[in-house]
Amino acid sequence: MIFLVSRDKECVSTWRAVALAILAALPCSAYAGEGGTSYWTPGSFGSMAAVPTTPGWSVTAFHIYSNTQQAGSGTFAQDPIFGILPPNVTATPFAKQFNRSNQDYITPTYTFRDPVLGGQLALGVTAQAGVTGATLKGEWLGATATPFGKAPFAQFGTRDDAIFGLGDIAPEATLKWAFGVHNFLAYAGFNMPAGQFYPNRLPNIGAGHWSADGGGGYTYYDQKTGWEFSGVLGLTYNFIELQSKYHDGIDLHFDWAGSYTFNDKISAGVVGYVFKQISCDSGPGATVGCFETQVFGLGPQFTYNFPVDQWQGSLNFKAYKEFWAQNRADGWNGWITLTINPPAPPS
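Basis of the calculations
- Residues numbered from 1 in each chain as written.
- Predicted model: local features only at pLDDT ≥ 70, side-chain atom pairs only at ≥ 80, totals over all residues.
- Heavy atoms only, no water.
- Salt bridge = Lys/Arg side-chain N within 4 Å of Asp/Glu carboxyl O.
- Helix = DSSP H or I, 4+ residues; strand = E, 2+ residues; numbered from the N terminus.
- Buried < 20%, exposed > 50% of the residue type's maximum accessible area, 1.4 Å probe, protein only.
- Phe/Tyr/Trp six-rings, centres within 6.5 Å; stacked < 30°, edge-to-face > 60°.
- Lys NZ or Arg CZ within 6 Å of the ring centre and 35° of its normal.
- Patch = residues over 30% accessible without salt bridge, like charges linked within 9 Å, V, L, I, M, F, W, Y side chains within 5 Å.
- Areas by Shrake-Rupley, 256 points an atom, 1.4 Å probe, with all protein chains shown as cover.
- Pairing = 2+ DSSP bridges.
- Axes fitted to C-alpha atoms, helices over the stretch in contact; angles between N-to-C directions.
- Contact = heavy atoms within 4.5 Å.
- Polar contact = N/O pair within 3.5 Å; in protein donor to acceptor, adjacent residues only side chain to side chain.

So, on to the pattern of salt bridges. In total, this model carries two salt bridges according to the counting rule given. For the salt bridge of Arg159 with Asp79, the shortest nitrogen-to-oxygen distance reads 2.7 Å. Separated by 80 residues along the polypeptide, Arg159 in strand S4 (residues 149-179) and Asp79 in the loop between helix H2 (73-77) and strand S2 (89-111) bring together distant segments of the chain. Here Arg201 makes a salt bridge to Asp161, at a shortest N to O gap of 2.7 Å. Note that Arg201 is positioned in the loop between strand S5 (182-191) and strand S6 (211-221) and Asp161 in strand S4, a separation of 40 residues in sequence. Judged by its relative accessible area of 30%, Arg201 falls in the partly exposed class.

The next subject is the packing of aromatic side chains. The final tally for this structure, using the stated rule, is 24 aromatic pairs. Centre to centre, the rings of Tyr39 and Trp40 are 6.5 Å apart; their planes meet at 75°, and the pair counts as edge-to-face. The pair Tyr39 / Trp40 is uniform in exposure class, with both members buried. An aromatic cluster of at least three residues, connected via ring pairs, comprises Phe62, Tyr105, Tyr273, Tyr320 and Trp335. Against the face of Phe98 rests Lys137, its NZ or CZ located 5.9 Å from the ring centre. The ring centre of Phe275 lies 4.6 Å from the NZ or CZ of Arg328, which sits over that ring.

With that settled, the discussion passes to a nonpolar patch on the surface. Taken together, the side chains of Phe190, Trp210, Tyr237 and Phe239 define a hydrophobic patch exposed on the protein surface, amounting to about 400 Å² of accessible area. The class of Phe239 is partly exposed, set by a relative accessible area of 40%.

On to the sheet that holds strand S9 (residues 266-277), then. Read once around its circumference, the closed barrel built from 12 strands follows the order S1-S2-S3-S4-S5-S6-S7-S8-S9-S10-S11-S12, with strand pairing classed as antiparallel. The average angle at which neighbouring strand axes cross in this sheet is 15°, direction not considered. Sheet analysis places strand S8 (residues 251-261) next to S9, joined by 11 bridges and oriented antiparallel. Paired with His253 across the bridge in S9 is Phe275.

Across 10 bridges, the pairing between strand S7 (residues 227-238) and S8 is antiparallel. Directly across from Leu233, in S8, lies its bridge partner Phe254.

Moving on, we get to the environment of Gly208. Locating Gly208 in the fold gives a position in the loop between S5 and S6. It is 8.9 Å that separates the C-alpha atoms of Gly208 and Ile240, two residues lying 32 residues apart in sequence. When sequence neighbours within four positions are dropped, the list of residues in contact with Gly208 reads Asp168, Pro193, Phe197 and Glu241.

Tracing the chain through its elements places Glu228 in strand S7. Exposure remark for Glu228: the relative accessible area of 4% places this residue in the buried category. For Glu228, the side chain forms a polar contact with the main-chain nitrogen of Met48, separated by 3.0 Å. Here the side chain of Glu228 touches Ser230 through a polar contact of 2.6 Å, side chain to side chain. The contacts of Glu228, once residues within four sequence positions are left out, are Ser47, Met48, Thr219, Tyr220, Tyr221, Ala257, Gly258 and Ser259.

Have a look at this one:
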């Protein structure tokens, strides 16, 4: 990173950590758990998650593109058009739902200069807007009863749906402590259901319900060697969705990242996440039973640091390939994140 205030090597490494730390600690919500997703977007935390940042105002804007698919037989069977069969037919549905999403987020954050409980307090809020589309393709395969016996039966259908608009609002507070190369994080946040949510539509932008999330994390960062590793563990409690009367279970999520700093501008590494629901869905709307979800993700990341007048800029690119999914759409997703930090203090 090039600095207009200081050229000190240690200070450069510190501000590279500052840029990535603000980039890492960003909550972002997804659409409702009824579709096998969650308020918490896996991968929201990344490199330098627990490293203290620069006091003052900062802003982060990021874009997430995702392309996923999931089993959709239950949705296909309940469709008001495709789900209707003649009374003399016995058949089984086979279907898949294909999802694609472009979501944009912006997070202004204020980091306090004075210590709180011996750590650094920061308050931020994330707003969301985007477009999400889904295609449901399925078929009924079975037999139809005739006066001459049973005959093969097949019925096919495709339905497309898309939604555009504002998503939910997610405030968050973080508290960070630094002890040499060891950094610690505690955070808490919640989801305000301000986005577009319709229980009977295939895609949604808002979660449709309130959620509370909290957890802790750790970052090892050695400025002399350039090596860094971060991990953040959290839990999400979801409140009941009032329209569908669906109550998502408790979600456990672990985001991790590792990186190596090549010089004052460039760093690269790997990122990953584990997301697992640890309690059953419930409520009158939970007609499919427990429906616990899980997904794992793994991929590369790359960061480029640059000056913005006297401020500090950082661009981070990362992508995840998902696997071991259960009751949840999986595929891949890509992130582009721009962070603008306050000017570096004098050495």
